[in-house]
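Observations on chain architecture
Chain by chain, the residues run as shown.
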Amino acid sequence: MGTDKTYTLAEWLPHTLSDSEVQRHLDDLGELLKQIVEGGASVNFILPFTHQEARQYWEDNVLPSVVNRKTRALFAWSEGRIVGTVLLMLAPQPNQRHRADIGKMLVLPAFQRRGIARALMTAIEDFAREEGRTLLTLDTNFDSHAEPLYRSVGFQVLGTIPRYSRNSLEDRLDAATFMYKELA
Ligand SMILES: CC(C)(COP(=O)(O)OP(=O)(O)OC[C@H]1O[C@@H](n2cnc3c(N)ncnc32)[C@H](O)[C@@H]1OP(=O)(O)O)[C@@H](O)C(=O)NCCC(=O)NCCS
């Protein structure tokens, strides 16, 4: 996995860890998601949003899926804590075993603009290839910081759906851009 002076990337393999380690990771993930939602990003949640609700999302939805190998989770670590994440959610449909969704691309505000998200995307594409998934799909808030990120790693814009999701901070509906990438 790639490393530099400030962060390391590693896959989350909770079934190989102690319960106390997993609990600590869930705390970090709860904090990460809460900070991102409070910052106004469109990642399925709206305010008010507590640390406990954020932690519960990872524990109830992501952890079982990772343990069952339906999702692969990649984290960026710095000084022993999780500062970034991205998920590869393997399409379960029998006729889409070549496809996976990219989700929960999140980097702690204090660690943004250091190339962490781009490094996470490069590494998660390797996971996709390992899984035989050659088509990646995702949606992101129209005009968000994530759209140039995805474009910069080769995602194509399929189109935009207006009024797709509620803004996390304000009472309005925002558009979403749908994107895809075919892996060579
Ligand atoms: C989007 C996000 C993951 C980017 O993380 P990051 O580690 O800061 O991104 P990187 O440093 O790897 O930047 C990669 C590219 O993304 C784009 N980008 C990232 N942050 C940006 C910003 N604030 N403004 C404009 N473009 C930005 C740029 O194209 C950048 O390339 P460049 O630095 O060569 O110009 C981060 O801003 C974040 O967590 N946002 C909130 C959550 C979110 O919206 N996630 C996406 C859900 S689909």
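Right above here is the structure, for reference.
A brief structural summary. (Residues numbered from 1 in each chain as written. Predicted model: local features only at pLDDT ≥ 70, side-chain atom pairs only at ≥ 80, totals over all residues.)

By nearness alone, 20 residues border the ligand, and Gln-112, Ala-117, Ala-146, Pro-148 and Leu-149 come closest of all. Residue assignment for the shell around the ligand shows that the elements contributing at least two residues are β4 (99–107), α3 (116–130) and α4 (146–152). Broken down by element, the residue count for the shell around the ligand peaks at four residues, all from α4. (Near = placed C-beta within 6 Å. Helix = DSSP H or I, 4+ residues; strand = E, 2+ residues; numbered from the N terminus.)

Turning to helix α2 (residues 51–67), a few remarks are in order. With 17 residues, α2 ought to run about 24 Å at 1.5 Å a step, and its terminal C-alpha atoms sit 23 Å apart, in line with that. If you look at α2, its biggest bend is around 30°, right at Asn-61, and the proline Pro-64 turns up within four residues after that. Buried within α2 are the following residues: Ala-54, Tyr-57, Trp-58, Val-62 and Leu-63. On its buried side, α2 packs onto α1 (19–38), β2 (71–78) and β3 (81–90). Directly after α2, the chain includes Arg-69, whose backbone phi takes a positive value near 65°. (Expected span 1.5 Å × (residues − 1). Bend = angle between axes of the 7 residues up to and from the residue. Buried ≥ 20, exposed ≤ 12 C-beta atoms within 10 Å, placed from the backbone. Contact = placed C-beta atoms within 7 Å.)

Every other side chain in a regular strand lies on the same face of the sheet, so the side chains alternate between the two faces. Burial runs high along β2: six of the eight residues are buried. Sheet topology places strand β1 (residues 8–11) next to β2; four bridges connect them, and they run antiparallel. Note on β2: the bridge partner recorded for Leu-9 is Ala-76. Relative to β3, β2 runs antiparallel, the two being bridged by eight bridges. Looking at β3, one finds that Phe-75 is bridged to Thr-85. (Pairing = 2+ DSSP bridges.)

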